[in-house]
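# Fold and contact review
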Amino acid sequence: MPSHEAIIIGAGLVGSAIALRLAQEGLRVALIEKNKPGREASWAGAGMLSPAPDAPASIPLVPLGRASLNLYPQFIAEIEEISGRRTGYRSDGAIELLFSAEAERELSTLIALHHALGLPTEPLSVDEAIKLEPGLTARARAAAYLPYEACVDNRALVEALLAAALISGVELLPATPVRAIVIDQGRCTGVRTEDGTLFSAQDVIVAAGAFSGLLEGIVPPLSTRPIRGQMVALQSQSPIRHVVRCEHGYIVPRDSGTPQRLVTGSTLEDTGFDKSVTARGTEKILTVAQEMVPTLSNAEIVELWCGLRPDTPDHLPLLGPAGVDGLTIATGHFRNGILLTPISAKLVRELIVEQRVSMDWDIFNPLRFAEGKSAANGDNSSSGGQVSGNQAGSKFAHK
Ligand SMILES: Cc1cc2nc3c(=O)[nH]c(=O)nc-3n(C[C@H](O)[C@H](O)[C@H](O)COP(=O)(O)OP(=O)(O)OC[C@H]3O[C@@H](n4cnc5c(N)ncnc54)[C@H](O)[C@@H]3O)c2cc1C
């Protein structure tokens, strides 16, 4: 008899939420984490809950993002209730600033695109934007208001989610790196850790973020690759209420007091698993933040860090059955994994418990790159350089 009914590899937001959902169904669940739980991309992220596309490639993600955003208020209430912890969820919306000479035209395109995608984004004059958020620069040429957007303190959320999972009966195994998925006679029967220990289970779920492609036993390997994002936290004497974004960066408020912690980002860099914070990255983030909110030039820098986004060749998640009985994949959430946590956990629970899912998720099929060789280990064509996240110009804001 397997030692667990479900094993989840990776205690980030995605893995922890799946573990919680399966434990709530009465399954014996192990959540296996190679280091300290919740300290990778889920710790590093900005916490924007934005279903708006950040590039043409992410347009197919919008329905999944909208569905997940709709789940968020209930998800947060439940996690806060079970864990007794706060998560810093705020639903004050976002303001997007446009600076280019073509800003008016880009704004019309953005509004039309968002409306076609079911996102009720509103055009704003720059004066109206400054009324909503007095610290904003008057040098922007156009602005949009995204009243449906929210944000969350992702560090607080992952801590609360892990606490809720433990309270709900999940067995958490930190400092336990999984080396391989075990396949026996065409069925996944468990995992083998780096020290050779075997854990057996009826279902194994891979939620190892940017490291998923390193797991042995999956053929071909999962096509994830790390994309570095650097971040700077500021302490400001002039609080802001909304998430503020433009083509090159963002500012996310963390709390409402004075001084206020603001998280500013980011970079998109294809530098492998290197987690260095660089002078160039930090300079770029601070320049963009001050362009949007000039008073930030006096803000104190209180923290610098970076994280590895789990990217895929088409920048869409790998979500669903892996083509081997007992193996499910939930990774590759790239720039939107915090937003997509509730829906990913919901769909994986449905698959494992009900053997059906309530949304069409075929485009996220983890096997979609299996035929084409180029996908097996990621497309390294931009290796070592900046990743073009805004391929279509400034009507797509940075995430
Ligand atoms: C700078 C930055 C800003 C971001 N901003 C946003 C944002 O505003 N909004 C948004 O929605 N998303 C954002 N993201 C993306 C988001 O953070 C990720 O998509 C999301 O956190 C992925 O969650 P995860 O649980 O899949 O991965 P992770 O949080 O990376 O968790 C994976 C876990 O698996 C563990 N693991 C890996 N390999 C093994 C193994 N072999 N054995 C055991 N454990 C293993 C890791 O240690 C890790 O704890 C941002 C990311 C970055 C880096």
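Please refer to the structure higher up on the page.
With that settled, the discussion passes to the site of the ligand. The full set close to the ligand counts 40 residues, and E33, S42, M48, V178 and L339 are the nearest of them. Here an oxygen atom of the ligand sits 2.5 Å away from a polar atom, N or O, in the side chain of S42. Elements supplying a minimum of two residues to the shell around the ligand: helix 1 (13-23), helix 2 (41-44), strand 12 (225-236) and strand 16 (300-311). Split into classes, the residues belonging to the shell around the ligand amount to 22 nonpolar, 13 polar and 5 charged.

Moving on to the pairing of strand 15 (residues 260-265). Within strand 15, 5 of the 6 residues are buried, which leaves it mostly tucked inside the rest of the structure. As judged from the 6 bridges shared by strand 12 and strand 15, these two strands associate in the antiparallel manner. Residue pairing in the sheet places Q235 in a bridge with R261 of strand 15.

Moving on: the nonpolar core. One finds I8, I18 and I205 to be the most contacted residues of the largest nonpolar core, which totals 72 residues. Residue contributions to this core peak at 8 residues, all from helix 1. Setting aside its immediate chain neighbours within four residues, I205 contacts A6, I7, I8, I9, I18, L22, T328, A330, V348 and I352. Counting 24 residues, the second largest nonpolar core, distinct from the first, contains L124, L234, A289 and L296.

The next thing to look at is the pattern of salt bridges. For the coordinates displayed, the defined rule picks out 25 salt bridges. One salt bridge connects R245 with E96, and the closest N-O pair in it is separated by 3.3 Å. One end of the pair, R245, is in strand 13 (residues 243-246); the other, E96, is in strand 4 (residues 94-98), with 149 residues separating them in the sequence. On the accessibility criterion, R245 (1% relative accessible area) is buried.

Let's shift gears to the packing of aromatic side chains. For the coordinates displayed, the defined rule picks out 3 aromatic pairs. Ring geometry for F211 against F273: centres 5.4 Å apart, planes inclined by 25 degrees, an arrangement best described as stacked. One end of the pair, F211, is in the loop between strand 11 (198-206) and strand 12; the other, F273, is in the loop between strand 15 and helix 7 (279-292), and 62 residues separate them in sequence. Taking the relative accessible area as the measure of exposure, F211 reaches 16% and is therefore buried. Aromatic ring contacts, followed pair by pair, group Y72, F75 and Y89 into a single cluster. Directly above the aromatic system of F211 lies the positively charged group of K34, at a separation of 3.9 Å from the ring centroid. Here the guanidinium or amino end of R39 rests over the ring plane of W43, the centre of that ring lying 3.7 Å away.

Once that is clear, we can look at the state of the cysteines. Any covalent bond linking the sulfur atoms of two cysteines counts as a disulfide. Considering all chains together, one arrives at 0 disulfides under this definition. With no disulfide of its own, C151 has C246 as its nearest cysteine by sulfur position, at a separation of 17 Å. Assessed through its relative accessible area of 3%, C151 is described here as buried.

Glancing now at the sheet that holds strand 4. One open sheet holds the 8 strands; their spatial order is 5-6-4-13-14-15-12-16, and the pairing between them is mixed. Strands at the two margins of the open sheet, each flanked by one partner only, are strand 5 (122-124) and strand 16. Each strand axis lies, on average, 25 degrees off the axis of its neighbour in the sheet, ignoring direction. Taken together, the 11 bridges between strand 12 and strand 16 define a ladder with antiparallel strand orientation. Pairing of Q230 across the sheet is with C306, part of strand 16. Contacting strand 4, strand 5 and strand 6 (142-146), helix 4 (residues 103-116) crosses the sheet at an angle of about 20 degrees to strand 6. Running at roughly 50 degrees to strand 12, helix 7 makes contact with strand 4, strand 12, strand 13, strand 14 (249-253), strand 15 and strand 16 of the sheet.

Within the secondary structure, R349 sits in helix 8 (residues 341-354). Assessed through its relative accessible area of 15%, R349 is described here as buried. Among the polar contacts made by the side chain of R349, one reaches the side chain of E25 at a distance of 2.9 Å. When residues no more than four places from it in sequence are discounted, the contact partners of R349 are R21, L22, E25 and E354.

Our next topic: helix 1. Taking burial as the measure, the 11 residues of helix 1 include 11 buried ones, the bulk of the element. Restricting attention to buried positions, one finds in helix 1 the residues L13, V14, G15, S16, A17, I18, A19, L20, R21, L22 and A23.

A contiguous nonpolar patch, built from V277, I301 and L304 and spanning about 230 Å² of accessible area, is present on the exposed surface. With respect to the helices, strands and loops of the structure, I301 is situated in strand 16. Classification of I301 as partly exposed rests on a relative accessible area of 43%.

Here is what the cut-offs are and how they apply
- Residues numbered from 1 in each chain as written.
- Predicted model: local features only at pLDDT ≥ 70, side-chain atom pairs only at ≥ 80, totals over all residues.
- Heavy atoms only, no water.
- Near = heavy atom within 4 Å.
- Polar contact = N/O pair within 3.5 Å; in protein donor to acceptor, adjacent residues only side chain to side chain.
- Helix = DSSP H or I, 4+ residues; strand = E, 2+ residues; numbered from the N terminus.
- Nonpolar A, V, L, I, M, F, W, Y, C, P; charged D, E, K, R; others polar.
- Buried < 20%, exposed > 50% of the residue type's maximum accessible area, 1.4 Å probe, protein only.
- Pairing = 2+ DSSP bridges.
- Core = buried A, V, L, I, M, F, W, Y, C linked by side-chain atoms within 4.5 Å.
- Contact = heavy atoms within 4.5 Å.
- Salt bridge = Lys/Arg side-chain N within 4 Å of Asp/Glu carboxyl O.
- Phe/Tyr/Trp six-rings, centres within 6.5 Å; stacked < 30°, edge-to-face > 60°.
- Lys NZ or Arg CZ within 6 Å of the ring centre and 35° of its normal.
- Disulfide = S-S within 2.5 Å.
- Axes fitted to C-alpha atoms, helices over the stretch in contact; angles between N-to-C directions.
- Patch = residues over 30% accessible without salt bridge, like charges linked within 9 Å, V, L, I, M, F, W, Y side chains within 5 Å.
- Areas by Shrake-Rupley, 256 points an atom, 1.4 Å probe, with all protein chains shown as cover.

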